[in-house]
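Coordinate analysis (summary)
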Amino acid sequence: MTKQQEVPKDGSNDSGEVQVKNPHLNEQIDDVLYHFGLARSDTNFPELFGDVKYVCTGGSPTRIKMYAELFSQDSGLPLSQNLSRSDRFVMFKTGAILWVNHGMGVPSMSIMLNECIKLLHYAHARDVSFIRIGTSGGIDVLPGTVVVSNGTLNGLFEEAHTQYINGKIVKREAKLNPELAKELYNSGVSENLPVAHGKTLCADDFYEGQMRLDGAFCEYDVNEKADFIARLKDNGVRNIEMEATGFASFTTRANVKGAIICVALLNRLNGDQVTLDKATYIDYELRPFKLVSSFLRGKIAQMI
Ligand code: R2B
Ligand code: URA
């Protein structure tokens, strides 16, 4: 096992290291990252992950695998095998870039982020950025538009992430990194992709939380839905997904930059159902990847 690194009690750290703020971890002999099937006692984290600078994450395991394979082809960097030993998440590496899926919704993503942040902390990785590459429902944008988030809102229109802890509501700020968002937006423009920027609403479910009219249950009417979507638009929201505030809050706490880029699968002003044919879906899900691939190749060129 690698030597235990002390976790700072006050969380202070300006060395660029990925931060964990949990003194209890110092009392553990080992740390099992259960959902990756990896432990400090059986994996050399500094050797395997010490060079990581970017974590690219998205919901689906097959999409993340496809992105990792394509990036390996685009960049010429070798692709690792799946480094996760559990079937919950997949994890691939291409040079300094780690590709990990997070499942759907904040609860699933928070498990992945907790374990990935600890993994990178134990690896002594420094100056790491996390980029979520996902799908979303657009607000007043054409289907296929790639939305680069410049803010996140919860269901109460607050830029905050709430958790229930110890029988109480704990509210934390949910901010993304504005410089990283700007750089990514510019990469989209130079790749001639249809890009937009705006706020992202994080919903706790796909149906009622996003004011869809096509769930198994619905207790609001078509006018209430239209009012909600109009209110989103007035508040500068460009898309809705299910992870944004949790992602923004976790990345801030971990001392890493966070950005979210999601393609809009539909314009919610025109409907609720996702009816894309397979070829269009593949074209759309490749768009945010193309943006990120171009951005990362530029960064790799600067690292050499
Ligand atoms: C976007 O797509 C998924 C739901 O279909 C969810 O993970 C999200 O944020
Ligand atoms: N993902 C969501 O969360 N909402 C949509 O409308 C589409 C994808």
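Cut-offs used in this document
Residues numbered from 1 in each chain as written. Chains lettered and ligands numbered in written order. Predicted model: local features only at pLDDT ≥ 70, side-chain atom pairs only at ≥ 80, totals over all residues. Heavy atoms only, no water. Near = heavy atom within 4 Å. Polar contact = N/O pair within 3.5 Å; in protein donor to acceptor, adjacent residues only side chain to side chain. Areas by Shrake-Rupley, 256 points an atom, 1.4 Å probe, with all protein chains shown as cover. 1 Å grid on protein atoms, 1.4 Å probe; cavity = no way out; pocket = protein on both sides within 12 Å on 5 of 7 lines; lining within 4 Å. Sits in = over half its atoms within 2 Å of the grid points. Nonpolar A, V, L, I, M, F, W, Y, C, P; charged D, E, K, R; others polar. Helix = DSSP H or I, 4+ residues; strand = E, 2+ residues; numbered from the N terminus. Domains from an automatic or database assignment. Contact = heavy atoms within 4.5 Å. Buried area = accessible area lost by both parts, 1.4 Å probe. Salt bridge = Lys/Arg side-chain N within 4 Å of Asp/Glu carboxyl O. Buried < 20%, exposed > 50% of the residue type's maximum accessible area, 1.4 Å probe, protein only. Pairing = 2+ DSSP bridges. Points joined across faces, edges and corners; volume = space filled by probe spheres on them.

**Points about the site of ligand 1**
In the vicinity of ligand 1, the contacting residues are Met104, Arg132, Thr135, Phe206, Glu241, Met242 and Glu243. One of the side-chain nitrogen or oxygen atoms of arginine 132 is found 3.4 Å away from an oxygen atom of ligand 1. The contact in question runs from an oxygen atom of ligand 1 to an N or O atom on the side chain of threonine 135, over 3.1 Å. The protein chains hide 81% of the 270 Å² of surface that ligand 1 would expose on its own. A molecule is said to occupy a pocket when more than half its atoms come within 2 Å of that pocket's grid points, and by this definition ligand 1 occupies the second largest pocket. Class assignment for the residues of the shell around ligand 1 results in three nonpolar, one polar and three charged.

**Let's talk about the site of ligand 2**
Surveying the vicinity of ligand 2 reveals the residues Thr135, Ser136, Gly137, Phe206, Gln210, Arg212, Ile240, Glu241, Met242 and Leu266. Between ligand 2 and the protein, one listed contact pairs an oxygen atom with a backbone N or O atom of glycine 137 at 3.4 Å. Glutamine 210 places a side-chain nitrogen or oxygen 2.9 Å from a nitrogen atom of ligand 2. Notes on ligand 2: free accessible area 230 Å², of which the protein chains cover 92%. Assessed atom by atom at 2 Å from the grid points, ligand 2 resides in the second largest pocket. Ranked by the residues each element gives to the shell around ligand 2, the list is headed by strand S6 (residues 129–138), at three residues. Broken down by class, the residue content of the shell around ligand 2 amounts to four nonpolar, four polar and two charged.

**With respect to the environment of histidine 124**
In this structure, histidine 124 sits in the loop between helix H3 (106–122) and S6. Sequence separation between histidine 124 and valine 106 is 18 residues; the distance between their C-alpha atoms is 26 Å.

**A word on the domain arrangement of the protein chain**
Frequently, the measure chosen for interface size is the accessible area that the parts lose on association. Taken as a whole, the protein chain is organised into domain 1 (21–127) and domain 2 (134–304). Computed over C-alpha atoms, the centres of domain 1 and domain 2 are 22 Å apart. Each side of the interface is counted separately: domain 1 has 25 residues, and domain 2 has 24 residues. Between domain 1 and domain 2 lies a buried interface of about 2000 Å² when both sides are counted; carbon and sulfur atoms form 78% of it. When the buried surface of domain 1 facing domain 2 is broken down by residue, Tyr54, Arg63 and Val106 rank first, second and third, together holding 26% of it. Viewed at the interface, domain 2 and domain 1 are joined by one salt bridge. A salt bridge links arginine 63 to glutamate 285, with the shortest nitrogen-to-oxygen separation between them at 2.9 Å. Inspection of the domain 1/domain 2 interface yields five residue pairs in polar contact (both at pLDDT 80 or more).

**Observations concerning the pairing of strand S11 (residues 237–241)**
The buried count for S11 comes to four of five residues, which makes it a mostly enclosed element. Relative to S11, S6 runs antiparallel, the two sharing two bridges. When the bridges of S11 are listed, glycine 138 appears paired with asparagine 239. Both strand S10 (residues 195–202) and S11 contribute to a ladder of four bridges, which runs parallel. Bridging from a neighbouring strand, cysteine 202 pairs with glutamate 241 of S11.

**Examining the layout of surface pockets**
Looking at the largest pocket, its volume works out to about 560 Å³. Every residue lining the largest pocket is counted, 23 residues in all, and those nearest its centre are Asn154, Gly155, Thr162, Cys202 and Asp204. Of all the secondary-structure elements, those providing two or more residues to the lining of the largest pocket are H3, strand S8 (160–165), S10 and helix H5 (222–234). For the lining of the largest pocket, the leading source of residues is S8, giving five residues. Of the residues contributing to the lining of the largest pocket, the split by class is 12 nonpolar, eight polar and three charged. Built from parts of two domains, the lining of the largest pocket gets at least three residues from each of domain 1 (21–127) and domain 2 (134–304). Quantified by volume, the second largest pocket comes out at close to 400 Å³. Around the second largest pocket sit 22 residues that line it, and Arg63, Met104, Thr135, Phe206 and Met242 are the ones nearest its centre. Breaking the lining of the second largest pocket down by element, the ones donating at least two residues are S6, S11 and strand S12 (257–267). For the lining of the second largest pocket, the element with the most residues is S6, which contributes five residues. Taken together, the residues of the lining of the second largest pocket sort by class into eight nonpolar, nine polar and five charged.

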